[in-house]
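Here are the chains, one letter per residue:
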Amino acid sequence: MSVKAVKAISIIGLMPEIEKVIKLCGDSGCFQPDDAMSFYSDTKNFVPLGEKNPYSQTIQQLKNSCEAGGFPLDYDAENTCKAEISEPMKYVSNFVSETDNILGRKLMLEQEMDDVRRSIEQVEHFTGSNIDFTEINNCKYITPNFGRLPKESYEKLSAYSSNQYAIFFPFSNDETHYWGAYFTIPEQKDEIDRIFSSLFFERLEVPPIAGKPADYLASLQTKLSDLKEQAKQEQEKLSAFWEKEKNECTAVYSKLMELDAYSEIKRYVYRYHKSFILSGWIPADQEKNFTQKLSNIKSVEFSVTDSKEIKKQKPPVILKNPPFIRLYEFYVKMYGLPCHNEIDPTAFVAFTYTLFFGIMFGDMGQGLVVAIVGALMYKFKKMEIGRILVPCGIMGMIFGFLYGSVFGFEEVLTPVHQAIFGTEGKLIEVMKAESINLIIYGSVAIGVVTIALSMIVNIASSLRRRDFESAFFGPNGISGFVLYVSLVVGLVCQFLLGLSIMNAAYVICLVIVPLILMFLILVGQEREANSELLDI
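Read on for a plain summary of the structure. Only a predicted model underlies this, so the values are computations on that prediction, with no experimental measurement involved.

**Some words on the overall build of the protein**
Regarding its fold elements, the protein presents 18 helices and 12 strands. On C-alpha atoms alone, the protein measures out to a radius of gyration of 37 Å, which is more than a quarter above the 24 Å that the 2.2 N^0.38 rule sets for 536 residues. For the protein, the spread of C-alpha atoms along the three principal axes comes to 100 × 80 × 65 Å. Burial status across the protein gives 36% buried among its 536 residues. Summing over all exposed atoms, the protein offers an accessible surface of approximately 32200 Å²; the carbon and sulfur share of this is 58%. Here the protein holds 52 positive side-chain charges and 65 negative ones, and the gap between their average locations is 7 Å.

Structure (structure tokens):
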């Protein structure tokens, strides 16, 4: 439950040994490269190698292809491709091409199926007619207009009985519309279209039906079945292709990931005459193992420095937590990692987040659902939030038991509470008015304790990084802590316990003095910031 100690390492060697050093750094899994220019004062003769990463684009192509095909692609350090680099690059090209071909054919079939489904949906509305649509479509002097008419509008057609062409022929109907057609001739087209438009007629682009609608619908359904079968065959081809290629694909992907890591490290290498310089960071507990391997490479020298002795650079942060607390590193990383000389807040986040979730969402049934969904999210989608939902769901179940709530039913566990705790009703009657004060006071107390603990963590972190100004006089330092606790204790004693302890001495020493100290520090910080702006 802390930030792992790291050390800076600078490596100098002759150019012929550079590939060995980079491979060693990459295979170690613990080396984090950094800009060598920031580790040395005289860098005028440093020249970057300037080599581009040739693997990142190929890796992305492979990832995109596997994602499109639904192939699970994972790095396997023990299953790397031993072939020359041209072979993995060529393999990826062939793999992507074959996958794209199968997916392309499948996509075309799916698009065609969508078109057929739309046609079926439209033709179904006209199957009530026994008319041969081929004859209608072959008419030269009349134009059919297929669509639907609201039932209210259909009833209003009688108002246009004087126009013998304003006739709607319904083929089928549902709760709100009649589906059918009206016909126009060139001389009456504008007038008839205007009438039906005023009646809110919705025109449909009906496919060219050949023969009777029922027969045409049957042919469309047969076509859809054939397309589904073809799409199924393409999916089977895709699955068989992955089953055949997954081992080699994983090996190639793992090899490319290794080469990509080496290439990324090489970006930080600088050339110095006939030598190279590489600087970075390693965990303190890996120093012995890492340096022993470096010592086996001829013409290579290195120096290791404690991160505390380096002022300019910001070392990488490695969090060190037990398995359960490690789940909540997801939130800590999302909001910002602590500095290497600060306290890791992950344990505090894990405790408070899980506790508050249980308090707010206490329900045995819903908590169980949350835990199961979280486990499935992580197992099948590898979503980090899924792992956090499991303990949160369990905590929700615990508080749900205390509340006596199962899927919103508040009295299901009352007999259980009576048998276990010997109470007249439930252990905690959340829904009753008598419990409101307890809930309010409990919530306030938890909030007060949480804020106080947060301030203590900030004070400890400030002391560790030797920021004594913030530790003693900052709003979240000792002065702020004294002010906050003094006000809380004073108000609790005054209004809840009836003890008047906030006398003049109490207020001056524990409220006014901390406020003055914090105010002076803030003024000093503002002046310092303005001075820096003027210097710029």
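**Some thoughts on the nonpolar core**
With 40 residues, the main nonpolar core has Ile11, Val21, Phe95 and Phe290 as its most contacted residues. For this core, the secondary-structure elements that each account for two or more residues are β2 (6–14), α1 (18–28), α2 (56–69), α3 (86–123), α7 (213–266), β10 (275–283) and α8 (287–295). A per-element tally of this core places α7 first, with 10 residues. For Ile11, the contacting residues outside a window of four places in its chain are Val21, Cys25, Phe276, Ile277, Leu278, Phe290, Leu294, Val300, Glu301 and Phe302.

**Details of the environment of Thr222**
By the secondary structure assignment, Thr222 is in helix α7. Thr222 sits 120 residues away from Ile102 along the chain, and the two C-alpha atoms are 23 Å apart. One polar contact links the side chain of Thr222 to the main-chain carbonyl oxygen of Ala218, over a distance of 3.0 Å.

**A short note on the packing of aromatic side chains**
Summed over the entire model, instances satisfying the criterion amount to 24 aromatic pairs. When the centroid spacing of 5.6 Å and the interplanar angle of 80 degrees are considered together, the rings of Phe46 and Tyr272 count as edge-to-face. In this pair, Phe46 is assigned in the loop between β3 (32–34) and β4 (47–48) and Tyr272 in strand β9 (residues 270–272), connecting sequence segments 226 residues apart. Accessibility expressed as a relative area gives 10% for Phe46, which makes it buried. With 4.8 Å between their ring centres and 40 degrees between their planes, Tyr331 and Tyr353 make a pair best called tilted. One end of the pair, Tyr331, is in helix α10 (residues 329–335); the other, Tyr353, is in helix α11 (residues 346–360), and 22 residues separate them in sequence. On the basis of relative accessibility, which here comes to 13%, the residue Tyr331 falls in the buried class. We classify Tyr353 as partly exposed; its relative accessible area is 32%. Each member of the aromatic cluster is reached from another via a ring pair, and the members are Tyr154, Phe168, Tyr178, Tyr182, Phe196 and Phe201. Positioned above the aromatic ring of Tyr378, the side-chain terminus of Lys382 is 5.5 Å from the ring centre.

**A closer look at helix α12 (residues 364–381)**
Every α-helical turn comprises 3.6 residues, leaving residues that sit three or four positions apart pointing alike. End to end, α12 covers 25 Å across 18 residues, agreeing with the expected 26 Å (1.5 Å per residue, within 8%). The complete set of buried residues in α12 reads Gly365, Gly367, Ala371, Gly374 and Met377. Buried residues in α12 make contact with α13 (384–403). Backbone nitrogen of Gly365 and a side-chain oxygen of the N-cap are separated by 3.0 Å at the start of α12; the cap is Asp363.

**Regarding the sheet that holds strand β7 (residues 177–184)**
Across the sheet, four strands lie side by side as β6-β7-β5-β8; this open sheet has antiparallel pairing. Every other strand in the sheet has two partners, leaving β6 (168–173) and β8 (202–203) as the edge strands with one partner each. Here strand β5 (residues 143–150) pairs with β7 via eight bridges, running antiparallel. Following the sheet pairing, Gly147 is matched in β7 by Gly180.

**Side note on the packing of α12 against α13**
Interhelical geometry of α12 versus α13 gives an angle of 165 degrees and a closest axis separation of 7 Å. In terms of orientation, α12 lies roughly antiparallel with respect to α13. The way α12 lies across α13 gives a crossing that is left-handed. Residue-level contacts link Met364, Gly367, Leu368, Val370, Ala371, Gly374, Ala375, Met377 and Tyr378 of α12 to Glu384, Ile385, Gly386, Arg387, Leu389, Val390, Gly393, Ile394, Gly396, Met397, Gly400 and Phe401 of α13. The residue makeup of the contact of α12 with α13, split by class, is 13 nonpolar, six polar and two charged.

**Brief notes about the environment of Phe241**
With respect to the helices and strands, the residue Phe241 is situated in helix α7. Sequence separation of Phe241 and Thr99 is 142 residues, and the distance between their C-alpha atoms is 8.3 Å. Setting aside its immediate chain neighbours within four residues, Phe241 contacts Phe95, Glu98, Thr99 and Ile102.

**Structural notes on unusual backbone geometry**
Here His273, not a glycine, exhibits a phi torsion of approximately 60 degrees, which is positive. In this fold, His273 is placed in the loop between β9 and β10. Judged by its relative accessible area of 55%, His273 falls in the exposed class.

**Quick word on the side chain of His417**
Locating His417 in the fold gives a position in helix α14 (residues 414–421). According to the relative accessible area criterion, His417 is buried, its value standing at 0%. Here His417 is in contact with Phe401, Leu402, Tyr403, Gly404, Gly422, Thr423, Gly425, Lys426 and Leu427, once residues within four sequence places are set aside.

**As for a nonpolar patch on the surface**
Where nonpolar side chains cluster on the molecular surface, the patch consists of Ile436, Ile440, Tyr441, Val444, Leu487, Leu491, Val492, Phe495, Leu496, Leu497 and Leu499 and spans about 1100 Å² of accessible area. If you list the elements that add at least two residues to the nonpolar patch, you get α15 (436–464) and α17 (478–495). Within the secondary structure layout, Leu497 lies in the loop between α17 and α18 (504–535).

**Brief notes about the pairing of β6**
Inspection of the sheet shows β6 paired to β7 by five bridges, in the antiparallel sense. Pairing of Asn173 across the sheet is with Tyr178, part of β7. Hairpin geometry of β6 and β7 is characterised by an intervening segment of three residues between the two adjacent antiparallel strands.

Thresholds, definitions, all that
- Residues numbered from 1 in each chain as written.
- Predicted model: local features only at pLDDT ≥ 70, side-chain atom pairs only at ≥ 80, totals over all residues.
- Heavy atoms only, no water.
- Helix = DSSP H or I, 4+ residues; strand = E, 2+ residues; numbered from the N terminus.
- Rg over C-alpha atoms; globule rule 2.2 N^0.38 Å.
- Buried < 20%, exposed > 50% of the residue type's maximum accessible area, 1.4 Å probe, protein only.
- Areas by Shrake-Rupley, 256 points an atom, 1.4 Å probe, with all protein chains shown as cover.
- Lys, Arg positive; Asp, Glu negative; His and termini not counted.
- Charge placed at Lys NZ, Arg CZ, Asp CG, Glu CD.
- Core = buried A, V, L, I, M, F, W, Y, C linked by side-chain atoms within 4.5 Å.
- Contact = heavy atoms within 4.5 Å.
- Polar contact = N/O pair within 3.5 Å; in protein donor to acceptor, adjacent residues only side chain to side chain.
- Phe/Tyr/Trp six-rings, centres within 6.5 Å; stacked < 30°, edge-to-face > 60°.
- Lys NZ or Arg CZ within 6 Å of the ring centre and 35° of its normal.
- Expected span 1.5 Å × (residues − 1).
- Pairing = 2+ DSSP bridges.
- Axes fitted to C-alpha atoms, helices over the stretch in contact; angles between N-to-C directions.
- Parallel < 35°, antiparallel > 145°, perpendicular 65-115°, else oblique.
- Left-handed = near helix turned anticlockwise from the far one by under 90°.
- Nonpolar A, V, L, I, M, F, W, Y, C, P; charged D, E, K, R; others polar.
- Patch = residues over 30% accessible without salt bridge, like charges linked within 9 Å, V, L, I, M, F, W, Y side chains within 5 Å.
- Salt bridge = Lys/Arg side-chain N within 4 Å of Asp/Glu carboxyl O.

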